[in-house]
Amino acid sequence: MSDTLLRAIARNAGIQISAAVTTGLVERARQIHHTTPVATAALGRTLTATAIMGSQLKVDDGSVTVQVKGNGPLGAIVCVGDADGYVRGYLQNPSADLPLRPDGKLAVGAGVGRGYLMVIKDIGLKDPVTGTVALVDGEIAEDVTRYFAESEQIPSACALGVLVDTDCSVRCAGGWLVQLMPGVKDADIDRLEANLAKLEPMTAMLDKGMTLEEIVSVVLDGFAVDFLQTDEIGYRCACSREKVERALVSMGRDELSKMAQEQETSEVTCQFCDKIYTFTRAELLALLAHAEK
């Protein structure tokens, strides 16, 4: 199954849902960043949430940045999603490793630790829209749920999962976000909560071959479901030499001058895709001259 994102609503019930399969993009991130299993799961869950949140943006050229900053060994996680659902991301310590939890699951919460989740939405306004909440447990899904409840006042439920195979590759990954719209009836909320209480984990459903339509139908069991839109998503980095040059100029004259003097050639690595950009001393001095104009 290719990476896709499906949006649907419960007809006449005031409930909307976005569900995504992100196996390919999470595996791509693992390959780029050489992550341990627990780092793969933490980054993969955050990438999945970011893809869903990006797809909700109302402007075509909008973007959303999700930062998970905890005090655990994984360090900060930063993911950026575009309005078409394509994402990129990295985490501070991809080689951090932890023993499994007593229940045999990856210790993502312990890896993330305590801290906060920040969401920055660039939707074409003068300033980005920012919301910050304290982490619930560092497992990401509950943290995203709290963000929507506290920062956007949207009652939500979220599930995110990454199943890592024995060879450390990503066996399957995905997630769903269900949200209540204004005016939803108590009876419909009760029915939804009953469904969620007996729901299998996202990765368990994906691993046995369930489609996104089937998963959404289980989440919204008992409701008439309208499937609205299915989009292809994936991992995409937007870096370019021009953007790296702008970043170097923005460092300031002193830093750039020091960089040019220290070595004949300098390398700058993109945090999102690990692509390396090489600059000669002459090229850095040319940027320095440009910065001084």
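The model shown is predicted, which means the values in this text are computed figures rather than measured ones. (Residues numbered from 1 in each chain as written. Predicted model: local features only at pLDDT ≥ 70, side-chain atom pairs only at ≥ 80, totals over all residues. Heavy atoms only, no water.)

Draft legend 1. Structural detail: the layout of surface pockets. In this structure, the largest pocket spans a volume of roughly 860 Å³. In this structure, the largest pocket is lined by 30 residues; those nearest its centre are Arg45, Lys105, Leu160, Gly161 and Pro201. Listed by contribution, the elements that provide at least two residues to the lining of the largest pocket are helix 2 (37–55), helix 4 (141–151), strand 8 (156–164) and helix 6 (202–207). For the lining of the largest pocket, the element with the highest residue contribution is strand 8, accounting for 8 residues. Each residue belonging to the lining of the largest pocket can be placed in one class, and the counts come to 17 nonpolar, 5 polar and 8 charged. Of the voids in this model, the second largest pocket is the one considered here, and its volume is about 390 Å³. As for the second largest pocket, its lining consists of 20 residues, and the residues nearest its centre are Gln16, Gln56, Leu57, Lys58 and Gln179. The set of elements that each furnish at least two residues to the lining of the second largest pocket consists of strand 1 (4–10), strand 2 (15–21), helix 2 and strand 9 (170–180). (1 Å grid on protein atoms, 1.4 Å probe; cavity = no way out; pocket = protein on both sides within 12 Å on 5 of 7 lines; lining within 4 Å. Points joined across faces, edges and corners; volume = space filled by probe spheres on them. Helix = DSSP H or I, 4+ residues; strand = E, 2+ residues; numbered from the N terminus. Nonpolar A, V, L, I, M, F, W, Y, C, P; charged D, E, K, R; others polar.)

Draft legend 2. The arrangement of the pairing of strand 1 in detail. Taking burial as the measure, the 7 residues of strand 1 include 5 buried ones, the bulk of the element. Looking at chain direction, strand 1 and strand 2 are connected through 7 bridges and run antiparallel. Bridging across to strand 2, Leu5 finds its partner in Ala20. Taken together, the 7 bridges between strand 1 and strand 10 (residues 225–232) define a ladder with antiparallel strand orientation. (Buried < 20%, exposed > 50% of the residue type's maximum accessible area, 1.4 Å probe, protein only. Pairing = 2+ DSSP bridges.)

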